[in-house]
Amino acid sequence: MKAAVRKWEAVREFARGLPEAVMEFPWGPEDCVVKVNKKIFVFLGSVDGPRSPGFSVKLKDEALHGHAMTAPGAEPTGYGLGKAGWVSVPLGEKGAPPLDVLCEWVEESYRTVALKRHLKELDARLQEGPDARNESTG
């Protein structure tokens, strides 16, 4: 379970480091989300609940969506979000995807709701190199 919490924390920090990303708790302290442009791009929930830590992302790219759905325990996100491409991925399952794959999915979800100027900033960071990818803008 400790490895799942570490992955969850790393995913949260990656998401928060994307251009103009904001972490919020719209339904209480146990329901963390990260938004850009006032739109959620990752549901993180909490590490203190009865379930294993996990997250949900929107993956429009069919290949990424299909890949995410093959992760152990992955399923379409509830409340009808799965029909719109949202996938929920638990992090405590044996064989859970590595952190770089999880961050790729978070980035793809971010790209579905971010404005062009956010994407331009993100792409500029990516061109600077992997260490610049997750620098916070303050």
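Heads up: the structure comes first, above all this text.
This is a predicted model, so every value here is computed, not measured.

Analysis parameters
Residues numbered from 1 in each chain as written. Predicted model: local features only at pLDDT ≥ 70, side-chain atom pairs only at ≥ 80, totals over all residues. Heavy atoms only, no water. Helix = DSSP H or I, 4+ residues; strand = E, 2+ residues; numbered from the N terminus. Rg over C-alpha atoms; globule rule 2.2 N^0.38 Å. Contact = heavy atoms within 4.5 Å. Areas by Shrake-Rupley, 256 points an atom, 1.4 Å probe, with all protein chains shown as cover. Lys, Arg positive; Asp, Glu negative; His and termini not counted. Charge placed at Lys NZ, Arg CZ, Asp CG, Glu CD. Axes fitted to C-alpha atoms, helices over the stretch in contact; angles between N-to-C directions. Parallel < 35°, antiparallel > 145°, perpendicular 65-115°, else oblique. Left-handed = near helix turned anticlockwise from the far one by under 90°. Nonpolar A, V, L, I, M, F, W, Y, C, P; charged D, E, K, R; others polar. Pairing = 2+ DSSP bridges. Expected span 1.5 Å × (residues − 1). Buried < 20%, exposed > 50% of the residue type's maximum accessible area, 1.4 Å probe, protein only.

## Digging into the overall build of the protein chain
- Scanning the protein chain from N- to C-terminus turns up four helices and six strands.
- Along the chain direction, N to C, the helices and strands of the protein chain fall in the order α-β-β-β-β-α-β-β-α-α.
- For a compact globule of 138 residues, the expected C-alpha radius of gyration is about 14 Å, and the protein chain comes in at 14 Å, within 12% of that figure.
- Each principal axis of the C-alpha atoms in the protein chain carries an extent, and together these give about 40 × 30 × 25 Å.
- Considering only intrachain contacts with a sequence separation of at least 6, the fraction spanning at least 24 residues in the protein chain is 52%.
- As displayed, the protein chain offers around 7,900 Å² of accessible surface, 51% of which is attributable to carbon and sulfur atoms.
- One finds the centroid of the 19 positive side-chain charges in the protein chain at a distance of 4 Å from the centroid of its 20 negative side-chain charges.

## Things to note about the packing of helix H2 (residues 62–69) against helix H3 (residues 99–113)
- Orientation of H2 relative to H3, taken along the N-to-C sense of each, is 135 degrees, at an axis distance of 11 Å. Relative to H3, the element H2 is oriented oblique. Here H2 and H3 pass one another in a crossing that is left-handed. Here Leu64, His67 and Ala68 of H2 come into contact with H3, specifically with Val101, Glu104, Trp105 and Glu108.
- Here the residues of the contact of H2 with H3 are counted per class, giving four nonpolar, one polar and two charged.

## Comments concerning the sheet that holds strand E2 (residues 32–36)
- The six strands lie next to each other as E1-E2-E3-E4-E6-E5, forming an open sheet whose pairing is antiparallel. Edge positions in the open sheet fall to strand E1 (22–24) and strand E5 (75–76), since each of these has one partner strand only.
- Pairing analysis gives five bridges linking strand E4 (residues 54–58) to strand E6 (residues 86–90), with the strands arranged antiparallel. Along E6, the bridge assignment pairs Gly54 with Pro90.
- Along the sheet, H2 contacts E5 and E6; its crossing angle with E6, the most-contacted strand, is approximately 35 degrees.

## A closer look at H3
- The first and last C-alpha atoms of H3 sit 22 Å apart over 15 residues, in line with the 21 Å expected at 1.5 Å per residue.
- Among all positions of H3, only Val101, Leu102, Cys103, Trp105, Val106, Glu107, Ser109, Tyr110 and Val113 are buried.

## Some remarks on unusual backbone geometry
- A positive phi angle is found at Asn37, which is not glycine, with a value near 55 degrees.
- Its location among the elements puts Asn37 in the loop between E2 and strand E3 (39–45).
- We note that Lys38 has phi near 65 degrees; this positive angle belongs to a residue other than glycine.
- On the secondary structure map, Lys38 appears in the loop between E2 and E3.

In short, the description is geometric, and any link to function would need to be established separately.
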